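# Observations on the three-dimensional arrangement
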Amino acid sequence: MYFNEEIETLPRQALEALQLKRLQGMLERIYANVPFYRETFTKNGINPGDVKSLDDLRRMPFTLKQDMRDSYPYGLFAANMEDIVRIHASSGTTGKPTVVGYTQKDINTWTELIARSFVTAGAHRGDIIHNAYGYGLFTGGLGAHYGAENLGASVIPMSGGNTKRQILIMKDFGSTVLTCTPSYSLYLAEAALEEGVDIRSLNLRVGIFGAEPWSESMRQEIQEKLNISAIDIYGLSEIMGPGVAIECQEAKCGLHIWEDHFIPEIINPETGERVPEGELGELVITTITKEGIPLLRYRTRDITSITYEPCICGRSHARIARMSGRSDDMLIIRGVNVFPSQIESILMQVEGVEPHYILIVDRKDNLDSLEVQVEVGERLFSDEVKHLQSLAATIEKQIKDLLGITCKVRLVEPKTIMRSEGKAKRVIDNRVR
Ligand code: DLL
């Protein structure tokens with residue numbers, strides 16, 4: 001099922017012709033309306049008219065998160081404030097938030113793309129969408145909300161938090177679709193158990209999860225615990241919010257990125273050059289229809305790969321792989337690069353280990369150390385100490401064998417690792433940078 005069949009299945013050639021036309025218009029707009037881009041173009045001797053083919057995009061300059069920070073709050077806006085109808089911001093871990101503005105047309109695009117995404121995930125008119133993404137400056141809550149309404153579903157605007165109440169509402173209101181971070185879905189499952197509610201037997205059918213990295217093994221765990229089909233949704237505030245890309249329910253193999261509004265590129269983060277199709281690199285996105293804050297070759301820092309292979313669902317839009325992590329989340333432990341999601345994958349395959357973990361990185365006497373704290377189930381925890389020790393040793397060995405890093409695994413009591421209602425915190429890095 002499609003939300004907008006014509007555009008979702010548009011043949012590649014027509015899609016690329018549309019992209020080029022929109023890209024050229026976008027370049028003219030940012031040159032005319034955003035001093036930052038006019039200066040950058042002039043400095044690099046570039047004219048907006050230089051882009052004659054999609055391939056020419058590779059010669060255009062990048063936009064960095066720092067450029068947005070430097071023009072805080074509204075410096076990169078391309079529309080007059082009178083035309084901005086919504087403002088969101090991403091919290092960011094350091095410094096000032098990144099601010100984005102939407103015109104009414106931008107909001108309309110967003111609601112279309114969320115509706116499209118949700119249908120792609122298997123939701124439809126008549127669904128009861130339990131939206132537990134946070135409402136507020138974060139784009140998750142309101143983004144999903146208006147898109148779900150546009151789809152014709154009934155939205156329950158839960159926001160995050162008040163977990164017990166979420167369970168009650170989910171049960172009594174008959175929610176069929178759950179939208180929240182993957183980590184929060186597991187927290188909900190745990191809370192349901194405590195409330196004596198069998199979450200597996202509720203009406204829930206589909207979960208649309210994103211806003212943080214999660215592994216394939218975590219998907220299996222969620223599907224099993226909640227008895228639903230779990231779908232990965234990707235997005236970022238700078239580009240729009242949720243709904244930039246989503247998996248289709250048919251294949252669940254890569255996330256279709258909506259190419260009629262965004263042009264994706266995968267680059268080598270060191271050299272800035274494009275990498276071949278299928279290779280991992282940093283995702284760079286150019287928005288081609290946005291009015292509020294159009295961005296040229298925005299460096300997302302997210303690590304993925306792309307494929308243009310046709311998909312069994314019939315959609316022609318390219319697919320990006322599940323995010324491996326962010327280049328700035330990548331841990332370098334004694335010179336070995338490792339993403340938290342790789343450790344997660346290993347942990348999730350161990351019998352008796354719960355999907356709640358945290359990685360603690362430290363440096364003593366100039367030597368990096370990694371401690372993996374992971375919860376084990378009640379039964380295992382009350383088991384003999386020697387069993388726990390041997391389980392920890394087994395996990396340590398697997399991490400060593402698969403990732404090449406030596407770490408210390410600490411199995412901790414159930415419910416000792418902090419639960420999150422939004423994006424989970426997976427790493428504490430105590431090293432002085
Ligand atoms: O997290 C938007 C969103 C809301 C996406 C709800 C999906 C669902 P930001 O707060 O700006 O926006 O954070 C964006 O989160 O650059 C990624 O690093 C990460 N991220 C988002 N979706 C995924 C995903 C929202 N499916 C940043 N897998 C992005 C992995 C994700 N990482």
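Residues numbered from 1 in each chain as written. Predicted model: local features only at pLDDT ≥ 70, side-chain atom pairs only at ≥ 80, totals over all residues. Heavy atoms only, no water.

Our focus in this paragraph is the sheet that holds strand S15 (residues 325-326). Taken in spatial order, the four strands make up an open sheet running S10-S11-S12-S15, and their pairing is antiparallel. Each edge of the sheet is formed by a strand with only one pairing partner; in this case those strands are strand S10 (262-267) and S15. In this structure, strand S12 (residues 298-304) lies alongside S15, joined through two bridges in antiparallel fashion. The partner of Asp-302 across the bridge, within S15, is Arg-326. (Pairing = 2+ DSSP bridges. Helix = DSSP H or I, 4+ residues; strand = E, 2+ residues; numbered from the N terminus.)

With 19 residues, helix H12 (residues 385-403) should reach 27 Å at 1.5 Å per residue; the first-to-last C-alpha distance of 27 Å fits that figure. Residues of H12 that are buried: Leu-388, Leu-391, Ala-392, Ile-395, Ile-399 and Leu-403. Buried residues of H12, viewed axially, fall in a sector of 100°; they line one side. Exposed and facing more than 90 degrees away from the buried side of H12 are Lys-386, Gln-389, Lys-397 and Asp-401. In the core, the buried residues of H12 are packed alongside strand S17 (336-338), helix H10 (340-348), strand S18 (353-364), strand S19 (367-376), helix H11 (378-381) and strand S20 (408-412). Positive phi appears at Gly-404, one or two residues downstream of H12, with a value of about 80°. (Expected span 1.5 Å × (residues − 1). Buried < 20%, exposed > 50% of the residue type's maximum accessible area, 1.4 Å probe, protein only. Arc of directions from axis to C-beta. Contact = heavy atoms within 4.5 Å.)

Glancing now at the environment of Thr-176. By the secondary structure assignment, Thr-176 is in the loop between helix H7 (163-173) and strand S5 (177-180). In the structure, Thr-176 is positioned 52 residues away from Ile-228 in sequence and 9.4 Å away in space, judged by C-alpha atoms. Of the polar contacts made by the side chain of Thr-176, one reaches the side chain of Asp-127; its length is 2.6 Å. (Polar contact = N/O pair within 3.5 Å; in protein donor to acceptor, adjacent residues only side chain to side chain.)

Before going further, it helps to examine the domain arrangement of the protein. The domains assigned to the protein are domain 1 (1-327) and domain 2 (331-432). Centre-to-centre separation of domain 1 and domain 2, based on C-alpha positions: 30 Å. Of all residues in domain 1, Glu-190, Ser-217 and Met-218 bury the most surface against domain 2, accounting for 25% of the area lost on that side. In this structure, the connection of domain 1 to domain 2 is made through three salt bridges. (Domains from an automatic or database assignment. Buried area = accessible area lost by both parts, 1.4 Å probe. Salt bridge = Lys/Arg side-chain N within 4 Å of Asp/Glu carboxyl O.)

Okay, the pattern of salt bridges next. According to the stated counting rule, one finds 35 salt bridges in the structure shown. Between Asp-55 and Arg-274 there is a salt bridge; the shortest N-O distance is 3.7 Å. Of this pair, Asp-55 sits in the loop between helix H3 (35-43) and helix H4 (65-70) while Arg-274 sits in the loop between S10 and strand S11 (281-287); the two residues are 219 residues apart in sequence, bridging distant segments of the chain. Here Asp-55 falls in the partly exposed class, since its relative accessible area comes to 38%. Judged by relative accessible area, which is 28%, Arg-274 ranks as partly exposed. Two residues, Glu-375 and Arg-419, come together in a salt bridge whose shortest N-O distance is 2.9 Å. In this pair, Glu-375 sits in strand S19 while Arg-419 sits in the loop between S20 and strand S21 (427-429), placing the two residues 44 residues apart along the sequence. Here Glu-375 and Arg-419 have matching classes, each one buried.

Attention now moves to the site of the ligand. Residues in close proximity to the ligand total 21 residues, the closest being Asp-232, Ile-233, Ser-237, Asp-302 and Lys-423. Within the backbone of Glu-212, one N or O atom sits 3.3 Å away from a nitrogen atom of the ligand. At 2.4 Å, a side-chain N or O of Ser-237 approaches an oxygen atom of the ligand. Protein chains shield 93% of the accessible area of the ligand, which is 620 Å² for the free molecule. If you list the elements that add at least two residues to the shell around the ligand, you get helix H6 (139-151) and strand S7 (229-236). Element by element, the count of residues in the shell around the ligand is highest for S7, at five residues. Counted by class, the shell around the ligand contains nine nonpolar, six polar and six charged residues. (Near = heavy atom within 4 Å. Areas by Shrake-Rupley, 256 points an atom, 1.4 Å probe, with all protein chains shown as cover. Nonpolar A, V, L, I, M, F, W, Y, C, P; charged D, E, K, R; others polar.)

Next up on the list: the side chain of Gln-373. Structurally, Gln-373 can be placed in strand S19. Among the polar contacts listed, one links the side chain of Gln-373 to the side chain of Glu-371, at a separation of 2.8 Å. Here Gln-373 is in contact with His-356, Tyr-357, Ile-358, Ile-360, Arg-410, Val-412 and Ile-417, once residues within four sequence places are set aside.

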